[in-house]
Amino acid sequence: QVQLVESGGGLVQAGGSLRLSCAASRNSFSINVMGWYRQAPGKQRELVATITTGGSTNYADSAKGRFTISRENAKNTVYLQMNSLKTEDTALYYCDVVLLGREVYWGQGTQVTVSS
């Protein structure tokens, strides 16, 4: 069983920055992919960014150029640096991990609210 501990969500003005963190209770050798998804009111959960153990990244078009996903394998932690935040970035952000066996685990979600 993998436990994910998220932090970093909060309230920020448009144009500001936040950094989300997610620590997994499993060593990186057993983790294939870590990533972030988000769900805004009235919308489906959508991909924000993912990163593999080897460092390959993937971003949603809305995140490119503003968000950066990174990983510290020694700490089993993934980060999402969010800059130039917009009101439309307001959502519940979820951390997830995909194990080598392709089993998926989700964090509890952390709220990001961007004010105008």
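Right, let's walk through the structure included here.

Cut-offs applied
Residues numbered from 1 in each chain as written. Predicted model: local features only at pLDDT ≥ 70, side-chain atom pairs only at ≥ 80, totals over all residues. Heavy atoms only, no water. Helix = DSSP H or I, 4+ residues; strand = E, 2+ residues; numbered from the N terminus. Rg over C-alpha atoms; globule rule 2.2 N^0.38 Å. Buried < 20%, exposed > 50% of the residue type's maximum accessible area, 1.4 Å probe, protein only. Contact = heavy atoms within 4.5 Å. Areas by Shrake-Rupley, 256 points an atom, 1.4 Å probe, with all protein chains shown as cover. Lys, Arg positive; Asp, Glu negative; His and termini not counted. Charge placed at Lys NZ, Arg CZ, Asp CG, Glu CD. Salt bridge = Lys/Arg side-chain N within 4 Å of Asp/Glu carboxyl O. Core = buried A, V, L, I, M, F, W, Y, C linked by side-chain atoms within 4.5 Å. Phe/Tyr/Trp six-rings, centres within 6.5 Å; stacked < 30°, edge-to-face > 60°. Lys NZ or Arg CZ within 6 Å of the ring centre and 35° of its normal.

Before going further, it helps to spend a moment on the overall build of the protein. Regarding its fold elements, the protein presents zero helices and 11 strands. Here the C-alpha radius of gyration of the protein, 13 Å, is about what a compact globule of 116 residues would show, namely 13 Å. Across its three principal directions, the C-alpha atoms of the protein cover 40 × 25 × 20 Å. Residues counted as buried form 45% of the 116 residues belonging to the protein. A separation threshold of at least 6 residues defines the contact pool for the protein, and within that pool the share at least 24 residues apart is 53%. With the model as given, the accessible surface of the protein reaches about 6,100 Å², and the carbon-plus-sulfur share is 46%. Charged side chains of the protein number 11 positive and 8 negative; the gap between the two group centres comes to 3 Å.

The next point concerns the side chain of Thr110. As for its position among the elements, Thr110 is in strand β11 (residues 110-115). Excluding anything up to four places from it in sequence, Thr110 contacts Glu6, Gly9, Leu20, Trp36, Ala91, Leu92 and Tyr93.

A separate point is the pattern of salt bridges. Counted under the stated rule, the structure contains five salt bridges. Residue Arg38 is joined to Asp89 by a salt bridge in which the shortest nitrogen-to-oxygen separation is 3.0 Å. On the criterion of sequence distance, the pair formed by Arg38 in strand β4 (residues 31-39) and Asp89 in the loop between β8 (77-82) and β9 (91-99) is long-range, its members being 51 residues apart. There is no split in this pair, since Arg38 and Asp89 are both buried. With a shortest N-O distance of 3.9 Å, Glu72 and Lys75 are connected by a salt bridge. Take Glu72: its relative accessible area is 32%, and that puts it in the partly exposed class. A network of salt bridges, in which partner residues are shared, links Arg38, Glu46, Arg66 and Asp89.

Counting residues in each nonpolar core, the largest one holds 30 residues, and the members touching the most others are Trp36, Leu80, Met82, Tyr93 and Val97. When residues of this core are traced back to their parent elements, those giving at least two are β3 (18-24), β4, β5 (46-52), β7 (67-72), β8, β9 and β11. In terms of residues, this core owes the most to one element, β9, which gives five residues. Among all residues touching Val97, those that are not within four sequence positions of it are Val2, Leu4, Ala24, Ile31, Val33, Met34, Glu103, Val104 and Tyr105.

The next point concerns the packing of aromatic side chains. Counting across every chain of the model gives two aromatic pairs. Arranged with centres 5.2 Å apart and planes meeting at 70°, the rings of Tyr37 and Trp106 form a pair that is edge-to-face. Of the two residues, Tyr37 sits in strand β4 while Trp106 sits in strand β10 (residues 104-106), which places them 69 residues apart along the sequence. Ring geometry for Tyr94 versus Trp106: centroids 6.4 Å apart, planes at 90°, classification edge-to-face. Of the two residues, Tyr94 is situated in strand β9 and Trp106 in strand β10; the sequence distance between them amounts to 12 residues. Aromatic ring contacts, followed pair by pair, group Tyr37, Tyr94 and Trp106 into a single cluster. Across the ring face of Tyr94, the terminal group of Arg45 is positioned such that the distance to the ring centre comes to 3.8 Å.

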